Amino acid sequence: MTPYDRTIQSRERTAGAFPFPELRPCIDYAITEFAGELRDAMLRYERTGDRRNNDKAHDQQAELGDAFYMLLSACIRAEHEPVLMPVVSTYSLRRECNEIVRYLTHAADHAEQIETGHGAWYDAVDMLHRHLDHAYSYMVHLCTVHFGWPVDGVVNAACVKFERKWAPQTLEPDAVQEGVQ
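Heads up: these notes are all about the structure in this document. (Residues numbered from 1 in each chain as written. Predicted model: local features only at pLDDT ≥ 70, side-chain atom pairs only at ≥ 80, totals over all residues. Heavy atoms only, no water.)

## Details of the overall build of the protein chain
Part 1 of the argument: For the protein chain, the count of helices and strands is seven helices and zero strands.
Part 2 of the argument: Listing each helix as α and each strand as β along the protein chain from the N terminus yields α-α-α-α-α-α-α.
Part 3 of the argument: Expressed as a percentage of its 181 residues, the buried residues of the protein chain come to 48%.
Part 4 of the argument: Carbon together with sulfur atoms contributes 52% to the accessible area of the protein chain, which is approximately 9,700 Å² in total. (Helix = DSSP H or I, 4+ residues; strand = E, 2+ residues; numbered from the N terminus. Buried < 20%, exposed > 50% of the residue type's maximum accessible area, 1.4 Å probe, protein only. Areas by Shrake-Rupley, 256 points an atom, 1.4 Å probe, with all protein chains shown as cover.)

## Topic: the side chain of Glu163
Part 1 of the argument: By the element assignment, Glu163 lies in helix α6 (residues 151–166).
Part 2 of the argument: For Glu163, a relative accessible area of 2% gives the class buried.

## Description of the pattern of salt bridges
Part 1 of the argument: Going through the model one piece at a time under the given rule, you end up with nine salt bridges.
Part 2 of the argument: Close ionic contact of Glu22 with Arg77 constitutes a salt bridge, the shortest N to O distance being 3.9 Å. Of this pair, Glu22 sits in the loop between α1 (3–13) and α2 (23–46) while Arg77 sits in helix α3 (residues 60–77), placing them 55 residues apart in sequence.
Part 3 of the argument: Judged by its relative accessible area of 31%, Arg77 is partly exposed.
Part 4 of the argument: Of the charged contacts in the structure, one is a salt bridge between Lys161 and Asp66, with a shortest N-O distance of 2.6 Å. A residue pair is termed long-range when its members are at least 10 positions apart, and Lys161 in helix α6 and Asp66 in helix α3 qualify at 95 residues.
Part 5 of the argument: Classification of Asp66 by relative accessible area gives buried; the value is 8%.
Part 6 of the argument: Residues joined in a network through salt bridges with shared partners are Arg6, Arg13 and Glu163. (Salt bridge = Lys/Arg side-chain N within 4 Å of Asp/Glu carboxyl O.)

## A look at the packing of α3 against α6
Part 1 of the argument: Between α3 and α6, the least distance of the axes is 8 Å, while the angle of their chain directions is 85 degrees. One finds that α3 runs roughly perpendicular with respect to α6. Across the interface between the two elements, Gln61, Ala62, Leu64, Gly65, Asp66, Phe68, Tyr69 and Leu72 from α3 touch Val151, Val154, Val155, Ala158, Cys159, Lys161 and Phe162 from α6.
Part 2 of the argument: Looking at side-chain class alone, the contact of α3 with α6 contains eleven nonpolar, two polar and two charged residues. (Axes fitted to C-alpha atoms, helices over the stretch in contact; angles between N-to-C directions. Parallel < 35°, antiparallel > 145°, perpendicular 65-115°, else oblique. Contact = heavy atoms within 4.5 Å. Nonpolar A, V, L, I, M, F, W, Y, C, P; charged D, E, K, R; others polar.)

This is the structure:
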C-alpha cells in the first residue's frame, strides 16, 4: 500500500469524526506541520541548551508524519496521486526544508487560483500538481536520506495516530497498527 493509498484509507476510517478540509486548507495545514511543528522539533534537537517551553513531546518523526498526512490529504483533494520526482540534492538540511516550504506555498497559491477561478484553470491545476509532486519528492528525500526513516512507516504511524483518536473503534488493534483492513 502506498503512502497515498494509506492516507485515503485513514481518511475513510476517520470520516465523519475527523474533519477533512478542502484543498487549500489541507496545504496550509501541511505548511504549518512542516514549517512550524517539524522545524520546531528539529530546532529543539539541534539546540538542546536553549530555554524553551517543554510542556509537550516534540518528536521529529511524528511531526514529519503529520506533514506527510496533510500533504497527502491535499493530494487526495486534488485527485492527484503524487509522482515521485528524482531529487539529486546537495542542499543542506535547512535549505532542503526551505525548498519544501517554497513548493508547498506555491501549491497553496495555485489551489487558491483554482478555488477563486482567477487565471487559467488548466495551468493552475497543472502547476498545483507539479508543486505537490516536488514537495512530496523533497519530503521523501528528507525522510529517507537525511533522517533514514522509511516513508511508509512514518505515514502509517501518522495514520494510526489519527485513527486511534478519531476512528470508530471497530478495528482490531493489530489491524490498525499494521494498516490493514
